[in-house]
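# Structural overview
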Amino acid sequence: MKDQLRLLRDCITNYIPAVVFQGDDSCAPEILEAAMDIYRKHGCSEEFLYDWQQLINEVKAYQTECPDWVKLPKL
């Protein structure tokens, strides 16, 4: 999670499917927390899990600071 933009660019450049959850997606924290449980269950490293938790914290902070922007996403 240290360089999300680089990761996304690598996916686009190499035609690797990618999913983006925006911080204003009202479901993002719940989705990210469910993913954390799945990653933990499958044995991801503590460093990865720590970084993932930091991302969850950032999204929650954003949503707390900008509640008027938080909504259900549209495709």
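Residue indices begin from 1 for each chain and proceed along its sequence in written order. Confidence filtering applies because this is a predicted model: local features only for residues at pLDDT of at least 70, side-chain atom pairs given and counted only at 80 or more, and all residues used for totals across whole chains, interfaces and linings. Each side-chain value is derived from all of the structure's non-hydrogen atoms; neither hydrogens nor water enter the calculation.

With that settled, consider the side chain of D24. One can find D24 in the loop between α1 (4-13) and α2 (28-41). Burial classes: relative accessible area under 20% of the type maximum marks a residue as buried, over 50% as exposed, and values in between as partly exposed (1.4 Å probe, protein chains only). Note on D24: relative accessible area 13%, which makes it buried. Here Q22 takes part through its side chain, which lies 2.9 Å from a polar atom of the side chain of D24. The contact partners of D24, leaving out residues within four places of it in the chain, are Y62, Q63, W69, V70 and K71. Only runs of H or I of at least four residues qualify as helices and only runs of E of at least two qualify as strands under DSSP, and these elements are numbered from the N terminus. Throughout this description, a polar contact denotes any pair of N or O atoms lying within 3.5 Å of each other; where both atoms belong to protein, one of them has to be capable of donating a hydrogen while the other can accept it, and for residues adjacent in sequence the pair is counted only when both atoms sit in side chains. What makes two residues a contact is simply this: any of their non-hydrogen atoms within 4.5 Å.

Here we come to the packing of aromatic side chains. Aromatic rings from Phe, Tyr and Trp, taking only the six-membered ring of Trp, are treated as a pair when their centres fall within 6.5 Å; an angle between ring planes under 30 degrees marks them as stacked, one over 60 as edge-to-face, and anything in between as tilted. Evaluation of the coordinates by the stated rule reveals three aromatic pairs. Arranged with centres 5.0 Å apart and planes meeting at 80°, the rings of Y39 and F48 form a pair that is edge-to-face. Here Y39 falls in the partly exposed class, since its relative accessible area comes to 30%. Plain terms: the ring middles of F48 and W52 are 5.7 Å apart, the flat faces sit at 20° to each other, and that makes the pair stacked. Remark: W52 and F48 occur in helix α3 (residues 46-65); sequence separation between them is four residues, near one turn of the helix. Given a relative accessible area of 25%, F48 falls into the partly exposed group. Clustering of aromatic rings is evident, with ring pairs tying together Y39, F48 and W52.

Further remarks concern the pattern of salt bridges. Criterion for a salt bridge: a side-chain nitrogen of Lys or Arg within 4 Å of a carboxyl oxygen of Asp or Glu. Applying the stated criterion to the full structure yields five salt bridges. The partner of K71 in a salt bridge is D24, and the shortest N-O contact between them spans 2.8 Å. Of this pair, K71 sits in the segment after α3 while D24 sits in the loop between α1 and α2; the two residues are 47 residues apart in sequence, bridging distant segments of the chain. Put simply, E33 and K60 hold a salt bridge, and the shortest N to O gap is 2.5 Å. Placement of E33 in helix α2 and of K60 in helix α3 is noted, with a sequence separation of 27 residues between them. Within this structure, D3, R6 and D10 form a network of salt bridges that share partners.

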